[in-house]
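Fold and geometry: a report
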Amino acid sequence: MKKLLLLFVIITILFPTVYSIRWTLDKRLTDDPEISESHDIAVDQLGRVHVVWRSNFGTKDASPFLGSGMDFEAGEIYYLQINNDGKIVVEPIRITSKIGSRGFSRPIVAIDAKNNVHIVWDDWIDGTMGGFSEVYYAKMDDKGHILIDPSVILSNQSYASDLVIDPEGNLHLGWTSFFTNEEGFFSSDVYYLKLDDRGNKADNAIKVTIMDTSFNPVIALDSENNLHMIYKNWGDSGNEIRYTKLDNTGKILIEDTKLFAFNDTSSKSYSMEIDSENNVHIVFENQDLVGISNIFYAKLDNNANILISPTKITSFQMNAIFPKIVLDHNKIAHVVWEEGTDEDSEIYYSTFDLDNFENLTKERLTNNFGVSSEPEIAVDSKGDRKSVV
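Residues numbered from 1 in each chain as written. Predicted model: local features only at pLDDT ≥ 70, side-chain atom pairs only at ≥ 80, totals over all residues. Heavy atoms only, no water.

1. With respect to the nonpolar core
- By size, the foremost hydrophobic cluster in this structure holds 27 residues, and its most contacted members are Met229, Ile230, Leu259, Phe260 and Ile282.
- For this core, the elements supplying multiple residues, two or more each, are strand 13 (186-195), strand 15 (214-221), strand 16 (227-235), strand 17 (238-246), strand 18 (252-261), strand 19 (266-274), strand 20 (280-287) and strand 21 (293-300).
- The greatest single-element share of this core, amounting to four residues, is contributed by strand 16.
- Listed in part, the 16 residues of the second largest apolar core include Ala110, Tyr137, Leu173 and Leu193. (Core = buried A, V, L, I, M, F, W, Y, C linked by side-chain atoms within 4.5 Å. Buried < 20%, exposed > 50% of the residue type's maximum accessible area, 1.4 Å probe, protein only. Helix = DSSP H or I, 4+ residues; strand = E, 2+ residues; numbered from the N terminus.)

Right, dumping it as structure tokens:
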């Protein structure tokens, strides 16, 4: 059975330039017989890294809706915490307790201004994608003590995709609702939901998509507390990346609109960050006609006007997939991705100055036998420390 590892890397920017980088050694976070996968990370105000993941001992199901490698057999959600020296200070805590054939999957973590930990995840009750699904929420303090026990916040075939917290402590959730359309086909819409700091619904859910078969939203908050969402749609010309902008109350400011589409190709995984000037930065994976995936970068202004059209930042014969982007206070973008084959892949890292996109660097982060996959990256509040898991 293939085992996935979570690795911890810190990048310290010594001077305000993309070239002065110091690395720690990789640190293995899990050591159990199960597969550790579908992880997410967040960094708090003190630079501590909070990690959530699924510990799985079932079989794989590469669903196009839910991401390659997602598993719906028995599995549980875990949490641990690392200090800014890379030491585990909160040992792995099991958040869920499996009942019957439930399939807990894909946890998402966010940290509020008080360093409390908010986690959401999915529960595929009968263990299959087509089955009844619910979204759960739990809250912990920064010592790993449960403040709010796991509870259902969404039901009826709902699937959590991304979570952000505003300065007032409100939670903003982007999620997918699956349904059977009028033609009898399985379809989906993207929704937005605002919750208070205890996971209670502050407003009614807002449907943000016009086109059927939209799913997997990513959500980001700008300095004016407006929300930006990107998501996939299966268009006639292949997968599209689409966009919606909302205010902090859920009012739609820019309706569901197409950003990028590629004929006969597939725009797959993607990530988004917003800079101090409220410009939107997107990285995404796109597969060419011969089946090779590369990572592309695009930049929008705050009204979704394209400032930099999709531009390839990788160019290799092996697949480059699962990109993630963060921005630091020095106006530098940091991108990680997985590159290789199904049997042997590694994690790579690239930086570029937001004012000089052509100034790209690239570095290989891992050198392990087997598969290193689906990296996550986060930046601390000072912007000089990056964590990759």
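2. Side note on the environment of Tyr136
- In this structure, Tyr136 sits in strand 9 (residues 133-140).
- For Tyr136 and Val152, which are 16 residues apart along the polypeptide, the C-alpha to C-alpha distance reads 4.5 Å.

3. Re the confidence of the model for the protein
- With 83% of its residues at a pLDDT of at least 70, the protein reaches an overall mean of 82.
- In the predicted structure, residues 12-19 sits below a pLDDT of 50 and forms 25 contacts with residues beyond four places in sequence or in another chain.
- This stretch, residues 58-72, has a pLDDT under 50; its non-local contacts, to residues over four places away or in other chains, come to 51 contacts. (pLDDT = per-residue confidence, 0-100. Contact = heavy atoms within 4.5 Å.)

4. A look at the environment of Asn367
- Secondary-structure assignment places Asn367 in the loop between strand 26 (356-364) and strand 27 (377-379).
- Given the relative accessible area of 65%, Asn367 is considered exposed.
- Note: C-alpha distance between Asn367 and Ile347 (20 residues apart in sequence) is 8.3 Å.
- Polar side-chain contacts of Asn367 include one of 3.0 Å to the side chain of Arg364. (Polar contact = N/O pair within 3.5 Å; in protein donor to acceptor, adjacent residues only side chain to side chain.)

5. Re the packing of aromatic side chains
- In the structure shown here, the tally under the stated rule is nine aromatic pairs.
- Summarising the aromatic geometry, the rings of Trp175 and Tyr191 are spaced 4.8 Å apart at their centres and angled 25° between planes, so their arrangement reads as stacked. Residue Trp175 is located in strand 12 (residues 171-180), and its partner Tyr191 is located in strand 13; the two are separated by 16 residues in the primary sequence.
- Under the relative-accessibility criterion, Trp175 is labelled buried at 6%.
- Between Tyr297 and Phe352, the aromatic rings sit 4.8 Å apart at their centres with planes inclined by 65°, giving edge-to-face as the arrangement. In this pair, Tyr297 sits in strand 21 while Phe352 sits in strand 25 (residues 345-353), placing the two residues 55 residues apart along the sequence. Pair check on accessibility: Tyr297 and Phe352 agree, each one buried.
- Here the aromatic cluster, defined as three or more aromatic residues joined through ring pairs, consists of Phe260, Phe284 and Phe296. (Phe/Tyr/Trp six-rings, centres within 6.5 Å; stacked < 30°, edge-to-face > 60°.)

6. Focus: the pairing of strand 26
- Two strands pair when backbone bridges link them, and strand 25 and strand 26 are joined in this way by five bridges, in the antiparallel orientation. Note that in strand 26 the partner of Tyr349 across the bridge is Glu363.
- Linking strand 25 to strand 26, which pair antiparallel, is a turn of two residues. (Pairing = 2+ DSSP bridges.)

7. Digging into the sheet that holds strand 26
- Strand order in the open sheet formed by four strands is 23-24-25-26, with antiparallel pairing between adjacent strands. Each edge of the sheet is formed by a strand with only one pairing partner; in this case those strands are strand 23 (319-327) and strand 26. Averaged over all neighbouring strand pairs, the angle between strand axes comes to 25°, with direction disregarded.
- Taken together, the nine bridges between strand 24 (residues 332-340) and strand 25 define a ladder with antiparallel strand orientation. Note that in strand 25 the partner of Ile332 across the bridge is Asp353. (Axes fitted to C-alpha atoms, helices over the stretch in contact; angles between N-to-C directions.)

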